[in-house]
Structures are given as C-alpha cells and as structure tokens.
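Residue-level structural notes
Residues per chain are reported as follows:
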Amino acid sequence: MVPLKSLITVACTMALVAAGALTGPIVAHSDQVAFGPDASPAEVAARITAGSRSLVVMPDGEICGWGGTLQERGTPAPEPECFWLPGGIAATSISAVTHAVAVGADGVAYTWGSIGSSVAYDPSDESYDVARPVKLPAGAAPVIAVSAGQMYTAVLTEDGAIYTSGHNEYGQLGDGTVVHYSKPWEPGWPSTKVDADGVVFTAVAAGYTHTLALSDEGKVYAWGADESGQLGPNGAFDPDADFDTYGATNPSAWMVSTPVEVPLPGPIVQIAAGYSHSVALSADGHVYTWGWNSYGALGIGKATRFSHVPVKVNIAGV
C-alpha cells in the first residue's frame, strides 16, 4: 500500500514537470521538491504553491517564483526569481491564486498581487506587487497558516482563530455577512474573524468562493457559496432544485455565511477546497469529496453532476 501523502507529493511534482515549470533533475521527498540542472540539498524547496504564478519557499525562507507577476516585478517572470519578505523576513509557508499570501517567521501574514489580496493599497499604484502585512484586529495571535482564495484571503492564528478579508459576495469570509467588497484596497481595510462559536481550528483552505476549515477535533467546517453542494449536507444546496434554471440565475440563494459542519467519517487530517468542490483526507488514509462533479472532480465517475453528500474515492492500492 502506498502512503497517500506520497501520492499527493508525486502528483504535485509531476504536474509541475508536465507544465514545463521545472527543468533538470526532480528530487521528491515527503514534502520537498528540488529543481535545477544540478540540484543539491541546499536548493530543495520546502513548500510549493501555484496560481497565476508558481511560488516556492526555500529552506532558508527565501521565496522563489515564476509565471505571473512577482513581488516588485510588474511583468511575468519566465524563469525563477527570488526575493525576501519586507525587511528580509523569512517565509514559512505560502499560498497563491491571482494574489499571493505568505506567513513570515515574525508571525505576520504578507500579501501581494491582484486586487482582492485584501491589503490596504491603491490598485493604480504599481507597488501593489510589493508584499505588505495583512491587517488583523488588535490583539490577534501570530499567524501560522494562510490560504489564498479567489479575491479573498484566509489566515489561521496560533490560538485556532481564522481571519478573512476581501470579497464576500457569497459569504466566503464566514463572519455572518454577505457584502460585495468591490474596493478591498481601501485604507484600513480590516480582516474579520470567522464566527466559529468556540471551535478551535487547525487548518484553513480557501477555494474559489467557499472556505473549508479543520478543527482540533478532526471535524470539517464549511461556508460560502454552495451552488454545487460544496458545503456538504448541512449547507444551502437543494439537490431537488434545477440548477440551470434556479441556481445559475440565483446564486445568492445558495450560500452560507457562517461555518456549518460537514459530517465525515473522522477524524480528518487534511482538507482542500477547489473551484466548487471539496476534498478531505481522513486519519485512516481515505479521501472524501463532495460538490461539483461535471469534470469528474469528485473521482467517482461522471454519472452525477453534483454530490452534496461526501463520497469516498476508491484509489487502487490505498
């Protein structure tokens, strides 16, 4: 039996190779990828992410990236370029879509990229590609994890709280409101705390317009858009409604602005949020998926377009 963690690592590595993003020898470890014609242990990347650009965090905390615009660079970088967070601060983890957000060794989240990265800046100012701190409420604990959604950001602090900022037209910020934040760059734009009702979180995953979170008890919570059942059976999705005539024209009717629990065989140890589907990995090594399945994203064939009930993916040898 192949450990599922290894399968995930190899899949990520091979995807980069297939996309032509990496050249030279590839050395895969449990969570590391080395790149370059003469890869050495010192050149092993500790964390990877990909959105409109590809980014890696090196063991010393320097960030290297290529593809879409990078920090302090207004045009795409066809080859890897490296930089530090402001003040030479080392990064510990990173996430990116159309914008990027990274955790600094100082316990601060830094973000840069397109508007929607939810940091106070003026989009007419080209300096928006310079990493700046994500504004958190006074007294917030140090940041330990981040996740970039489509035009919004989620950060996890060491006390188990989640703070979100950016666009919120589908309730993806999880604070009980639904507001289209059309100008997330306004001065003093704050992050809001997710209405968790006492739940302590250990992980967060931002999707396109929905968010997943993992609790310290191994439970999964979800909020945001639910037009495809990506929030699970306790969300707003109606499996008996006609999506083409109702959901597509009334997406605001299918959303939840505060966390709802997704019933899963537990405990869960890892989560991931896709465009309109969700994925969870259980402690016993099984993968569960739910949400949109038009392209076979759930791993259960194409017999159904949606599944708001989590289904187990059958992977040979796992």
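Residues numbered from 1 in each chain as written. Predicted model: local features only at pLDDT ≥ 70, side-chain atom pairs only at ≥ 80, totals over all residues. Heavy atoms only, no water.

Counting secondary structure elements, the chain contains two helices and 23 strands. Buried positions account for 47% of the 318 residues belonging to the chain. Sequence separation of 24 or more characterises 45% of the internal contacts of the chain that already satisfy a separation of 6 or more. With an accessible surface of roughly 13900 Å², the chain has 55% of that area assigned to carbon and sulfur atoms. (Helix = DSSP H or I, 4+ residues; strand = E, 2+ residues; numbered from the N terminus. Buried < 20%, exposed > 50% of the residue type's maximum accessible area, 1.4 Å probe, protein only. Contact = heavy atoms within 4.5 Å. Areas by Shrake-Rupley, 256 points an atom, 1.4 Å probe, with all protein chains shown as cover.)

Across the sheet, which stays open at both edges, the four strands sit in the order β16-β17-β18-β19 with antiparallel pairing between neighbours. Both edges of this open sheet fall to β16 (201-206) and β19 (255-262), since each of them pairs with a single strand only. Across the sheet, the mean angle separating the axes of adjacent strands is 15° when strand polarity is ignored. When strand β18 (residues 220-225) meets β19, the two strands line up antiparallel, connected through five bridges. From the neighbouring strand, Ala222 faces β19, where its bridge partner is Val260. (Pairing = 2+ DSSP bridges. Axes fitted to C-alpha atoms, helices over the stretch in contact; angles between N-to-C directions.)

So, on to unusual backbone geometry. Gly266 connects to Pro267 through a cis peptide bond whose omega is -5°. Structurally, Pro267 is set in the loop between β19 and β20 (268-273). Even without glycine at this site, Met151 takes up a positive phi of about 70°. Inspection of the secondary structure assignment puts Met151 in the loop between β12 (143-148) and β13 (152-157). At Asp197, a residue that is not glycine, the phi angle is positive and equals roughly 55°.

As a further point, take the sheet that holds strand β22 (residues 287-292). Read from one edge of the open sheet, four strands run β20-β21-β22-β23, paired in antiparallel fashion. Because the sheet does not close on itself, it has two edges, and the strands there are β20 and β23 (306-313). Each strand of the sheet is rotated relative to its neighbour by a mean of 15°, with strand direction disregarded. Looking at chain direction, strand β21 (residues 277-282) and β22 are connected through five bridges and run antiparallel. When the bridges of β22 are listed, Leu281 appears paired with Val287.

One pass over the structure, following the stated rule, counts one disulfide. Paired by a disulfide, Cys64 and Cys82 hold their sulfur atoms 2.0 Å apart. Between Cys64 and Cys82, the disulfide has an S-S torsion of 100° and is therefore right-handed. One end of the pair, Cys64, is in strand β6 (residues 63-67); the other, Cys82, is in strand β7 (residues 77-83), with 18 residues separating them in the sequence. The exposure class of Cys64 is buried, given its relative accessible area of 3%. (Disulfide = S-S within 2.5 Å.)

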